[in-house]
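Residues per chain are reported as follows:
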Protein chains: 2
Amino acid sequence: MAPSSTPRTPDPLTTEVVELIGTVVVRYHEEYDEAAARHSLTGAQARVLALLAREPLPMRRIAERLKCEPSNVTGIVDRLAARRLVERRPDPDDRRVKLAAVTPEGRATAERLRESLHFAREPLGRLSPAERTTLRDLLRRMLGEGSGEGFGE
Amino acid sequence: MAPSSTPRTPDPLTTEVVELIGTVVVRYHEEYDEAAARHSLTGAQARVLALLAREPLPMRRIAERLKCEPSNVTGIVDRLAARRLVERRPDPDDRRVKLAAVTPEGRATAERLRESLHFAREPLGRLSPAERTTLRDLLRRMLGEGSGEGFGE
DNA sequence: TATTGTTATACTCTATAACTATA
DNA sequence: TATAGTTATAGAGTATAACAATA
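Here the structure is a predicted model, which is why all the values come from computation and not from measurement.

## What about the pattern of salt bridges?
Think of it this way: side chains of opposite charge can pair up when their charged atoms draw near.
Thinking step 1. A full pass over the atoms with the stated rule returns 18 salt bridges over all chains.
Thinking step 2. A salt bridge links Arg96 of chain A to Asp94 of chain A; the shortest N-O distance between them is 3.0 Å.
Thinking step 3. Residues Arg140 of chain A and Glu16 of chain B are paired through a salt bridge, measuring 2.7 Å at the closest nitrogen-oxygen approach. Within this pair, whereas Arg140 of chain A is found in helix α6 (residues 129–143), its partner Glu16 of chain B is found in helix α1 (residues 12–38), the two belonging to separate chains.

Here is the structure:
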C-alpha cells in the first residue's frame, strides 16, 4: 500500500533509453535485411559474406562469429558457394580445416552491400560532428573495452 | 589518382559510430533471445507475447508490427495458444477479425520476460544519469519524431 | 468485390546427433 | 582420443498462392 508501487520499472530515464535502443535495433535489422534482399541474400548469408570479405575463415570460426552450431554454416556457405560468391579452400596447416573465402564477385557484392546500408548516413546525418563524437564516447563507455563484435560490416 | 581514394567510407567518426551501433544491435538481440529461451520461447514468440501484453490485437495488426506476412502469424499465435499464453477472441465489430489476447498466465510470462532483460541495467549502469540524459537526447534526435516502434517491450 | 484469417507449399535458419577424415 | 566438417533430421520463421467466411 506504499504510495510508490513496485519497482519493476527501474526509472523513467533508463526505461526510455532502453526503448530508444530497441527502436534502433529494429530499424537497423530492417535496413540490413532489406539491403541483403536487394542482392537476393538472406540476413545470415549477407553477414557471412561481409565476414569473409575481411578474411578467409574456417567453418568453425564462422559458427563462432554467428553464435550458431557449425552444422548450420555448411548450408549457408553451400548457398553462397552455389552462387560463386564464396569458395572453400584447403588449409595447408591442417587438412581437416576448410577455409571459406570470398571470390572476386563475392567481394564486389559485399562492397555494394556495404555501400547500400543507409543507416550510416541518414539518421546519423541529423547529428553534428560534435554530437557524433559525444554519441561515440557514450556508446564506447556503455559497451566497455572489448566491443569488437560488430555485425560483420 | 588523387591522394585520397574513393569515398566509400564516409568518415572515420561516422564509421565508428555505425560499428558501435552494430555491436549494440548484436548484444541486444543475443540478450533478448537468451531471455526468451529461458522461458522456452523463440524470439518471435516473445515479441508477439510482449506486444499482446499491451493490448489485444487482430492477427493482421500483429503481422504489421512484425513486418511479416499474416500467414506467418497464424503459426506463431498457434504455438503460444497451445501453451495457453495467448487466446483468440472474436471481434464484436467485425466477424472476420480474430483478436489475439494474452491469458493471465501469458501476462505473467511477459512480465517475467521483461524483468529478465539485463540489457537495461548492466551496460546502461556504467553511465551517470547526466550521461544517460545526453544519450537519450542524441538517440531521440537521431531517430526523429515518430520513433514509437520499439521491440515490443 | 474487397478483406480477414487460414491452409498448403517451399525455402532458410536453427539445434541435435551421428558420421568421416584427419590430428 | 579429440577435433573439423558434414549429413540427417526435426522444429521454427518466412514468403507466395489459393481458399473460406465475412464485409
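## Some details on the interface of chain A and chain B
Thinking step 1. In this complex, chain A contributes 54 residues to the contact, which on the side of chain B involves 54 residues.
Thinking step 2. Buried area between chain A and chain B, both sides added, is near 5,300 Å², and the carbon and sulfur share of it is 67%.
Thinking step 3. Counting every contact that joins chain A to chain B gives 4 salt bridges.
Thinking step 4. Two residues, Arg141 of chain B and Glu131 of chain A, come together in a salt bridge whose shortest N-O distance is 2.3 Å.
Thinking step 5. Our count for the contact surface shared by chain A and chain B stands at 12 residue pairs in polar contact (both at pLDDT 80 or more).
Thinking step 6. Contributions of two or more residues to the side of chain A that touches chain B are made by α1 (12–38), α2 (43–54), α5 (104–115) and α6 of chain A.
Thinking step 7. The leading source of residues in the side of chain A that touches chain B is α1 of chain A, at 17 residues.
Thinking step 8. Of the residues assigned to the side of chain A that touches chain B, the class counts are 22 nonpolar, 11 polar and 21 charged.

## Some words on the side chain of Thr109 of chain B
Thinking step 1. Its location among the elements puts Thr109 of chain B in helix α5 (residues 104–115).
Thinking step 2. Setting aside chain neighbours within four positions, we find Thr109 of chain B in contact with His39, Leu41, Leu49 and Leu85 of chain B.

## Quick word on helix α6 (residues 129–143) of chain B
Thinking step 1. Look at α6 of chain B: 21 Å from first C-alpha to last across 15 residues, which is about the 21 Å you get at 1.5 Å a residue.
Thinking step 2. Those residues of α6 of chain B not exposed but buried are Glu131, Arg132, Leu135, Arg136, Leu138, Leu139, Met142 and Leu143 of chain B.
Thinking step 3. Those residues of α6 of chain B that are buried lie in contact with α1 and α6 of chain A together with α1 of chain B.

## Here we look at the environment of Val17 of chain A
Thinking step 1. Mapping Val17 of chain A onto the fold places it in helix α1.
Thinking step 2. For Val17 of chain A, a relative accessible area of 0% gives the class buried.

## Points about the relation of the copies chain A and chain B
Thinking step 1. After a rotation of 179° and a shift along the axis of 0.0 Å, chain A superposes on chain B with an RMSD of 0.1 Å. Both copies are brought into coincidence by an operation consistent with a two-fold rotation axis. Minimal C-alpha distance to the rotation axis in chain A is attained by Val25 of chain A, lying at 2.5 Å.
Thinking step 2. Most of the interface of chain A is mirrored in chain B, where 100% of its interface residues again form contacts.

## Let's talk about the protein's contact with DNA strand D
Thinking step 1. Taken together, 22 residues lie around DNA strand D, and Arg60 and Arg88 of chain A together with Thr42, Ser71 and Arg79 of chain B are the ones closest in.
Thinking step 2. Looking at DNA strand D alone, sugar and phosphate atoms form 68% of those within 4 Å of the protein.
Thinking step 3. Contacts to DNA strand D include Thr42 of chain B, whose side-chain N or O atom sits 2.5 Å from a phosphate oxygen.
Thinking step 4. A total of 4 residues in the surface near DNA strand D trace back to one element, the largest contributor, which is helix α4 (residues 70–82) of chain B.
Thinking step 5. The class makeup of the residues in the surface near DNA strand D is 7 nonpolar, 6 polar and 9 charged.

## Some words on helix α3 (residues 59–66) of chain B
Residue and element names in this part refer to chain B.
Thinking step 1. For α3, the complete set of buried residues consists of Met59, Ile62, Ala63 and Leu66. Projection of α3 onto a plane perpendicular to its axis shows the buried side chains occupying an angular sector of 100°, all on one side.
Thinking step 2. Where α3 is buried, its residues touch α2 (43–54), β1 (57–58), α4, β2 (86–90) and β3 (98–102).
Thinking step 3. Downstream of α3 by one or two residues, Lys67 has phi in the positive range, about 55°.

About the thresholds
Residues numbered from 1 in each chain as written. Chains lettered and ligands numbered in written order. Predicted model: local features only at pLDDT ≥ 70, side-chain atom pairs only at ≥ 80, totals over all residues. Heavy atoms only, no water. Salt bridge = Lys/Arg side-chain N within 4 Å of Asp/Glu carboxyl O. Helix = DSSP H or I, 4+ residues; strand = E, 2+ residues; numbered from the N terminus. Contact = heavy atoms within 4.5 Å. Buried area = accessible area lost by both parts, 1.4 Å probe. Polar contact = N/O pair within 3.5 Å; in protein donor to acceptor, adjacent residues only side chain to side chain. Nonpolar A, V, L, I, M, F, W, Y, C, P; charged D, E, K, R; others polar. Expected span 1.5 Å × (residues − 1). Buried < 20%, exposed > 50% of the residue type's maximum accessible area, 1.4 Å probe, protein only. Least-squares fit on C-alpha atoms with pLDDT ≥ 70 in both. Near = heavy atom within 4 Å. Arc of directions from axis to C-beta.

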